Structure formats: C-alpha cells, structure tokens
Amino acid sequence: MATTTAADKATREEYLQLHGWMCMAKALDDRMHMLVKQGRAPFVGSSRGHEGIQVASTAAIGPEDWLVPHYRALANALVRGLTMKEWMLAVFAKADDPLSAGRNIPGGSYSYRRLKIASVSQVVASWVPKAAGVAYAAKLRGEGSVTLCTFGDGATSQGDFHEGVNFAATHRLPVVFVCENNSYAISVPIRLQMLNPNVADRAAGYGIAGVTVDGTDVPASYAACKEAVARARRGEGPTLIDAKIWRLNSHTSEDNHLKYRGQEEIDEAARHDPIKRFTEWLLERRWITAEEAANVQARYDQEASDAADWAEQQPDPSPEDTLKNVFA
Ligand SMILES: Cc1ncc(C[n+]2csc(CCOP(=O)(O)OP(=O)(O)O)c2C)c(N)n1
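Below, the structure is looked at part by part. In this numbering scheme, every chain counts its residues from 1 along its sequence in written order. For a predicted model such as this one, the threshold for reporting local features is a pLDDT of at least 70, and the threshold for listing and counting side-chain atom pairs is 80 or more; totals across whole chains, interfaces and linings nevertheless cover every residue.

1. Thoughts on the overall build of the protein chain
Link 1 in the chain: Along its length, the protein chain carries 11 helices and nine strands.
Link 2 in the chain: Radius of gyration (C-alpha) of the protein chain: 19 Å, near the 20 Å computed for a compact globule of 328 residues.
Link 3 in the chain: Reported as C-alpha extents along the three principal axes, the dimensions of the protein chain are approximately 50 × 50 × 40 Å.
Link 4 in the chain: At a minimum sequence separation of 6, the contacts of the protein chain that also span at least 24 residues come to 76%. The secondary structure listing takes helices from DSSP runs of H or I that are at least 4 residues long and strands from runs of E that are at least 2 residues long, numbered from the N terminus. For the radius of gyration, the atom set is restricted to C-alpha positions; the globular benchmark scales as 2.2 Å times the number of residues to the power 0.38. Each residue gets a C-beta atom placed from its backbone, and two residues are in contact if those atoms lie within 7 Å.

Structure below.
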C-alpha cells in the first residue's frame, strides 16, 4: 500500500472540498436512481463506491492537465467543474446537454473541451491508447501537462489497455493510469480475469511504477496520485495505480447484482462506502461536525432534485438535428 509524505497531503479546506464533491456525486447518483424508478430517466451507471478515488485522483491534477476517464466517472467530472445542471441535461438527453447533445447514455461517451476531459467511451479500454496519444501530443508540444487516465479492472484485460500503457511507458509519457478496481467486470469477478493479486503487479511488465492503494481511503489515494503526478511531471514516465474499491450498486440500472454476488457480499460492500469512511476521518479530526456533514449532503440532495426538475423542462433536441455530429 502507498505511503503518505507531508508534501502529498491536502489542507483541511481541500479535504472538505473533496468531501463536498463526493456528496455531490452521491446526490446526483441517488436522484438518478429515483428518476429511473419513476420512468423519467433512462439509465444509471452508478459511481457509488468509486467517489473516493475519483475525487482524489482528479484533485491531484491541475486545470492545465487532461482527464481521459472511463464511463463511470461522475465525481471526476464534478471536480473538473461540471455542474449538476449540466449533468442533469445529459440525464434527460436535452438539446443543451454539453456532453453528447442528447445522443448518448448519461456520461457514457463524450469529450468536454472546456474541462479538458477527452474521449470518454463505452468501448471498454478504447480510451487508454487515446490517453497515451494525448500525453504524447502534450510532450511533443512541450506543454508540461499530465494526463490522468482512469478505467476499471475489466478494462485491463483488453488489448487496448496493453497497447496504451506500453506505448506510454516506452515513450516515458506523463500519464497517470488509475485502475478503479471494484473487482467486477459486470458479473465477471477479477479472479476470472487475471491471476496476479494486484493490477499494479502488471506495471513491472511495462517497466513502470506500480502502486496499490485502498481507493476507499481518500487521504491515502490523494497521496498516491499526487506522487504519481509529480513523477510524470519530472519526466519519469507513467505510473499504474491499482485503487481497490467496492462497487456498492449493480453494474448499471440494467443489471441485478444479486444474481451473481449474494446478499452477504452486497452488505459487506456497503461497509466500504468511501463517503462514510472519509466523513468519519474528518469527524475524528474535528474538521467537520456530524451536523455539518449531514447538512452538506442534504444541501446537495436538494440541489440535485432542483437540477433534475429544471433539466426536465428544457427543450428536447429537434428532429432535424438527429444526424448532426453523427459520423457513421
Ligand atoms: C470492448 C467492449 N467489450 C465489452 C463491453 C461490454 N461492457 C460494458 S462495461 C463492461 C465491464 C467493464 O468492467 P470494468 O472495466 O471493470 O469497469 P466497471 O464497469 O466495473 O467500472 C463490459 C464488459 C464493452 N462496452 N466494450
């Protein structure tokens, strides 16, 4: 597991901001589940359980850096500056949806130039070589930016993953690869995907640094990511971080994890909620009170509800625009 140095620690204010983004992501996630149950929204690919590593990794890069994340990346996008209203426009597939103009499942496939988020795709691992390409371009241009690329454990079984990481390693590109390892690719457990106990063990095969961290531990995750970003900026090439987390919900709202996980395991997963864990950490330090923590969540729950009601009233895309920006 990663060790923390003082330089890799955030301040109280920064940790409270990370906590806020996690609560914001949970509020949107919970609201989407409700909207799907009510038949008002089509789909949720839940980020519950991923929020800790998502805010930690994304806060470790700066506005000049690039984010090439996987499709389950709500909290990452919020850290980059995506608003709750923008997210809800995507949920309702409205004309002004800034992610895909209503053409894709919420957050499933998009790029957002202003936030320097590129090449989100549902084609598993396809964005890994693209992240290497973004970093290669930045290096050739002498930009000094770092590219953060995130993916699940299942993605590491894909050829695209190998090609992307190997290219980044060979060219010593400034990339931080973060595996949000929830130990499932839909219903396939990680033991049927690989024999190595850690995804980070694969780093040795590429000659790059590999780090295993508890992805439900926000300060430890932040420290590991900060160190990897610093390594990339020093020109020492990529790092592969294996952040162990628990998926709290089914793969998506189209899936029922009870069919392959069992209630006991699902109950165990709930005990690894990173929001609960991080709140306790903040409470122990007296950096937040229980009442303040509850108020933060309640405020974002209300904002998510208001954002949904507002977005639902916005104009739908017009039929004439159906083929706009559709290339094939
Ligand atoms: C190339 C490709 N193969 C299969 C799928 C179907 N699929 C969608 S998500 C997924 C699981 C990916 O699991 P993982 O990478 O661990 O990420 P997670 O969804 O658990 O966060 C699969 C197999 C796909 N979208 N793309």
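2. A word on the pairing of strand β8 (residues 209-214)
Link 1 in the chain: Being paired, for any two strands, means DSSP has found at least two bridges between them. Alignment of β8 against strand β9 (residues 239-244), held across six bridges, turns out to be parallel. Bridge pairing in β9 places Val213 opposite Ala243.
Link 2 in the chain: By convention a crossover is right-handed if, when the strands point away from the viewer, the path from the first strand over the helix to the second runs clockwise. On the question of chirality, the crossover connecting β8 to the parallel β9 by way of helix α8 (residues 218-233) is right-handed.

3. Concerning unusual backbone geometry
Link 1 in the chain: Of note in this structure, Arg172 is not a glycine but carries a positive phi near 50°.
Link 2 in the chain: Tracing the chain through its elements places Arg172 in the loop between α6 (159-170) and β5 (175-181).
Link 3 in the chain: If you check the backbone angles, Arg286 has positive phi at about 60° while not being a glycine.
Link 4 in the chain: Mapped onto the fold, Arg286 is located in the loop between α10 (274-284) and α11 (290-312).

4. With respect to the packing of helix α1 (residues 12-37) against α11
Link 1 in the chain: Running from N to C, α1 and α11 point in directions that differ by 45°, and their axes come no closer than 8 Å. By the criterion of interaxial angle, the relationship of α1 to α11 is oblique. Considering only the axes of α1 and α11, their crossing is right-handed. Contact residues: His19, Gly20, Cys23, Met24, Ala27, Leu28, Arg31 and Leu35 in α1; Val296, Gln297, Tyr300, Asp301, Glu303, Ala304, Ser305 and Ala308 in α11.
Link 2 in the chain: Three classes are used: nonpolar for Ala, Val, Leu, Ile, Met, Phe, Trp, Tyr, Cys and Pro, charged for Asp, Glu, Lys and Arg, and polar for all others, with Gly counted as polar. Of the residues belonging to the contact of α1 with α11, the class tally is nine nonpolar, four polar and three charged. Each axis is a line fitted through C-alpha atoms, and for a helix only the stretch in contact is used; angles between axes span 0 to 180 degrees, taken between their N-to-C directions. With respect to orientation, any angle under 35 degrees is reported as roughly parallel, any angle over 145 as roughly antiparallel, any angle of 65 to 115 as roughly perpendicular, and every other angle as oblique. By convention the crossing between two helices is left-handed if the near helix lies anticlockwise of the far one by an angle smaller than a right angle, and right-handed if it lies clockwise.

5. A closer look at the nonpolar core
Link 1 in the chain: Counting residues in each nonpolar core, the largest one holds 100 residues, and the members touching the most others are Val128, Val175, Val176, Cys225 and Ile241.
Link 2 in the chain: Element by element, the count of residues in this core is highest for α1, at 11 residues.
Link 3 in the chain: Here Val176 is in contact with Val146, Leu148, Cys225, Ala228, Val229, Ala232, Pro238, Thr239 and Ile241, once residues within four sequence places are set aside. Linking buried Ala, Val, Leu, Ile, Met, Phe, Trp, Tyr and Cys residues through C-beta atoms within 7 Å yields a set, and such a set is a nonpolar core. Around each residue's C-beta, the other C-beta atoms within 10 Å are counted; 20 or more make the residue buried, 12 or fewer make it exposed, and counts in between make it partly exposed. All C-beta atoms are placed from the backbone.

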